[in-house]
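Residue-level listing of the chains:
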There are 2 protein chains.
Amino acid sequence: MALQQDIKVAVDAVVFGYESKGNLSVLLIKRGVEPFKNTWALPGGLVLEDESLEAAVKRELKEETGVTIDYLEQLYTFGKPKRDPRNRVISISYFGLVRPNHFKIKADTDADEAKWFSVNDLPKLAFDHKTIFNTALKRLKAKLLYQPIGFDLLSAEFPFSDLEHLYATILGEDIDRRNFRKKIMSFDFVEETNKIAQQGSGRPAKLFKFNKKKYDALLNDGFYFDIKFV
Amino acid sequence: MALQQDIKVAVDAVVFGYESKGNLSVLLIKRGVEPFKNTWALPGGLVLEDESLEAAVKRELKEETGVTIDYLEQLYTFGKPKRDPRNRVISISYFGLVRPNHFKIKADTDADEAKWFSVNDLPKLAFDHKTIFNTALKRLKAKLLYQPIGFDLLSAEFPFSDLEHLYATILGEDIDRRNFRKKIMSFDFVEETNKIAQQGSGRPAKLFKFNKKKYDALLNDGFYFDIKFV
DNA sequence: TATATTTGTGTTAATACTACACAAAATAAA
DNA sequence: TTTATTTTGTGTAGTATTAACACAAATATA
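Residues numbered from 1 in each chain as written. Chains lettered and ligands numbered in written order. Predicted model: local features only at pLDDT ≥ 70, side-chain atom pairs only at ≥ 80, totals over all residues. Heavy atoms only, no water.

## Remarks on helix α5 (residues 212–220) of chain A
Reasoning step 1: Between a side-chain oxygen at the N-terminus of α5(A) and the backbone nitrogen of Lys213(A) the separation is 3.1 Å; the capping residue is Asn211(A).
Reasoning step 2: The positive-phi residue at the C-terminal boundary of α5(A) is Gly222(A), with phi of around 75°. (Polar contact = N/O pair within 3.5 Å; in protein donor to acceptor, adjacent residues only side chain to side chain. Helix = DSSP H or I, 4+ residues; strand = E, 2+ residues; numbered from the N terminus.)

## Considerations on the sheet that holds strand β10 (residues 206–210) of chain B
All names here are of chain B.
Reasoning step 1: Pairing within the open sheet is antiparallel, and its three strands lie in the order β8-β10-β9. Looking at which strands have only one partner, the edges of the open sheet turn out to be β8 (157–159) and β9 (190–196). Between one strand axis and the next, the sheet turns through 45° on average, direction left out of account.
Reasoning step 2: As judged from the four bridges shared by β9 and β10, these two strands associate in the antiparallel manner. Residue Glu 191 lies in a different strand from β10, and its bridge partner there is Lys 209.
Reasoning step 3: Docked against the sheet, helix α3 (residues 160–171) engages β8, β9 and β10, running at close to 75° with respect to β8. (Pairing = 2+ DSSP bridges. Axes fitted to C-alpha atoms, helices over the stretch in contact; angles between N-to-C directions. Contact = heavy atoms within 4.5 Å.)

## Structural notes on the nonpolar core
Reasoning step 1: If you look at the biggest cluster of nonpolar residues, it comprises 43 residues, and the most contacted ones within it are Val14(B), Phe16(B), Leu24(B), Leu163(B) and Tyr167(B).
Reasoning step 2: Of all the secondary-structure elements, those providing two or more residues to this core are β1 (8–18), β2 (24–31), β5 (73–78), β6 (89–98), α2 (129–144), α3, α4 (177–187) and β10 of chain B.
Reasoning step 3: Setting aside its immediate chain neighbours within four residues, Val14(B) contacts Val26(B), Leu42(B), Tyr94(B), Phe95(B), Gly96(B), Ile132(B), Phe133(B) and Ala136(B).
Reasoning step 4: Listed in part, the 42 residues of the second largest apolar core include Ile132(A), Phe151(A), Leu166(A) and Val190(A). (Core = buried A, V, L, I, M, F, W, Y, C linked by side-chain atoms within 4.5 Å. Buried < 20%, exposed > 50% of the residue type's maximum accessible area, 1.4 Å probe, protein only.)

## What to know about the relation of the copies chain B and chain A
Reasoning step 1: Rotating chain B by 179° about the axis while translating it 0.0 Å along that axis superimposes it on chain A, leaving an RMSD of 0.1 Å. Both copies of the chain, as the preceding transformation shows, are related through a two-fold rotation axis.
Reasoning step 2: Both copies contact each other with a shared surface, as 100% of the interface residues of chain B are interface residues in chain A too. (Least-squares fit on C-alpha atoms with pLDDT ≥ 70 in both.)

In structure tokens form, the structure reads like this:
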């Protein structure tokens, strides 16, 4: 066959941020080079020759924003011939969910600036990154309904309302507090502690904790969390 | 940045075959060139410079097996540095489901031979194609439970048992005929005709047909088919 | 004519989901 | 110090869905 092929391979990361009482946000960089210089974009870049895709996306993320993240899930591969005006670049996209205040954002040479943006108030994005973002948000919401992925984002011990708020924020809609609580508790991997939150106003809340061991055991058994009703 | 990168981009197709009373099968080619010469592999190959990923996978499939298919869904992108012994190749994999007897299988120069194999009796596969296959099978089963993807595989008018059999075959387990029928009929896109099957033994069956219009309308409304119980 | 095969059909019990409101415990304000 | 505000914690009843289950009818085949 002996076919000449010159296609570049890139990775892009859609990193969502959530923190208590906060909004859902996404991490963007302002591009420091052409094309799309000074336009906001998803962090990402070309894969090195001997580097796995996962390693590449984590490296780029680290370089461009200072954020290190250990779980990113592959989202989709975008490969339209003209998605990059320079030459053919296919992009394997990943997404993840973190607590923004765990990181000190820090841009490097390729990226002038890195910043969290509320998902409800995004700037114009470079390339087809809006499409990638939309795909990621849709997937994040869908995933939340059958896997309680949000627990990493809470404190080790948290009031139940934090979890409610997380779901409501990501899904972008209110949930029935009683039904939600019943459902989550039925899974049996959230446990009540005997501690009480140091609180602001209102009745003080019991603190709960996530039993990762039980959760992982269930996952391994192929258990399927059905939070669809929310 | 000016980074030299020489990574090849390939696509691979996991094409499942099902036909009435048949097994679930998958389309493989016997490689005619090194590496893995004479080993069975998924059809696929390098993407051309100005060709979309979807176009590439359809083209390769056509070239290597003679099968044309209009709906392939992106599955996953495999990119471990050493997955191809020659040089770095990442593969974007796709999967689809067809009726084998709709096609005359025909190999070309790159592939000595193309053949359907029962998924329960696969030969050793080249590269990481076994992993790709496993991923595809898992996804196919999962998908079947929330989208009735199998209707394309049936005759335009089919006895209900054909549909039952399709589900049982793909899922690899028996289903409750009554409950399954009730569930499917509740979706309201399968309609009874007044025709009767020309049959073999047993009580003759009414023929049903799939109302694609209704189905598409539901899909567009974001409807979610829940066949999870099967 | 008897046997085997396949289709067609309904009910009941158990489970899961939805919708909904108010008292209790604390802080903040008057 | 009293009152208002905020937030937590909790139960039930009606509805819908699921799961489990068996036998008669219609035909082909032996």
